[in-house]
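Residues per chain are reported as follows:
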Amino acid sequence: QVQLVESGGGLVQAGDSLRLSCAASGRTFSNYAMKWFRQAPGQEREFIVGIGRSSTYYTDSVKGRFTISRDNAKNTVYLQMNSLKPEDTAVYYCAAQGGVSSYKSTSATYWGQGTQVTVSP
């Protein structure tokens, strides 16, 4: 069982930066692929980034602006979001899936509760 708790969301202006954190419970954090999804109002949940042991995946809409990283010593995964746009407004969810090689998969086993990110024009 893995419990995930996100933090760092908020209201920012277009062009600003924000860093989300996701703290995970459990002793085998390093064995999990970690991912971030987001869900905008009226839209389906979207897989945006994933990280394995060191390999990363980014969907096209965030490539070059967002960076995912992990600190296995702290059981934490981060999402650095730069050059934010109003279309990035969404609830952001941290997720985990067993097996680091699954970092590009759109599925996840464990989910956080989500954190709201709002980008004003």
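Just above sits the structure.
A. Broad picture of the overall build of the chain. Counting its secondary structure elements, the chain contains zero helices and eleven strands. Listing each helix as α and each strand as β along the chain from the N terminus yields β-β-β-β-β-β-β-β-β-β-β. At 13 Å, the chain has a C-alpha radius of gyration in line with the 14 Å of a compact globule built from 121 residues. In terms of principal-axis extent, the alpha carbons of the chain reach across some 40 × 25 × 25 Å. Taking contacts inside the chain between residues at least 6 apart in sequence as the whole, the part at least 24 apart equals 60%.

B. Quick look at the sheet that holds strand E3 (residues 18-24). Strand order in the open sheet made by the four strands is E1-E3-E8-E7, with antiparallel pairing throughout. The two strands at the open ends of the sheet, each matched to only one other strand, are strand E1 (4-7) and strand E7 (66-71). Taking the axes of each pair of neighbouring strands and ignoring which way they run, one obtains an average angle of 15° across the sheet. Bridging between E7 and strand E8 (residues 76-81) involves six bridges; their strand directions are antiparallel. By the bridge assignment, Thr67 is partnered in E8 with Gln80.

C. Representation of the pattern of salt bridges. Applying the stated rule across the entire model yields four salt bridges. Between Arg38 and Glu46 there is a salt bridge, and its shortest N-O distance comes to 3.0 Å. Classification of Arg38 as buried rests on a relative accessible area of 7%. We classify Glu46 as partly exposed; its relative accessible area is 29%. Residues Arg65 and Asp88 are paired through a salt bridge, measuring 2.7 Å at the closest nitrogen-oxygen approach. You can see Arg65 sitting in the loop between strand E6 (56-58) and E7 and its partner Asp88 sitting in the loop between E8 and strand E9 (90-98), a full 23 residues away along the chain. Residues participating in the shared-partner salt-bridge network are Arg38, Glu46, Arg65 and Asp88.

D. Looking closely at the pairing of strand E11 (residues 115-120). Across the two faces of E11 the burial differs, with Thr115, Val117 and Val119 buried and Gln116, Thr118 and Ser120 not buried at all. In the sheet, strand E2 (residues 10-13) pairs with E11 via four bridges, with the strands oriented parallel. When the bridges of E11 are listed, Val12 appears paired with Val119. With three bridges connecting them, E9 and E11 associate as antiparallel partners.

Here is what the cut-offs are and how they apply
- Residues numbered from 1 in each chain as written.
- Predicted model: local features only at pLDDT ≥ 70, side-chain atom pairs only at ≥ 80, totals over all residues.
- Heavy atoms only, no water.
- Helix = DSSP H or I, 4+ residues; strand = E, 2+ residues; numbered from the N terminus.
- Rg over C-alpha atoms; globule rule 2.2 N^0.38 Å.
- Contact = heavy atoms within 4.5 Å.
- Pairing = 2+ DSSP bridges.
- Axes fitted to C-alpha atoms, helices over the stretch in contact; angles between N-to-C directions.
- Salt bridge = Lys/Arg side-chain N within 4 Å of Asp/Glu carboxyl O.
- Buried < 20%, exposed > 50% of the residue type's maximum accessible area, 1.4 Å probe, protein only.

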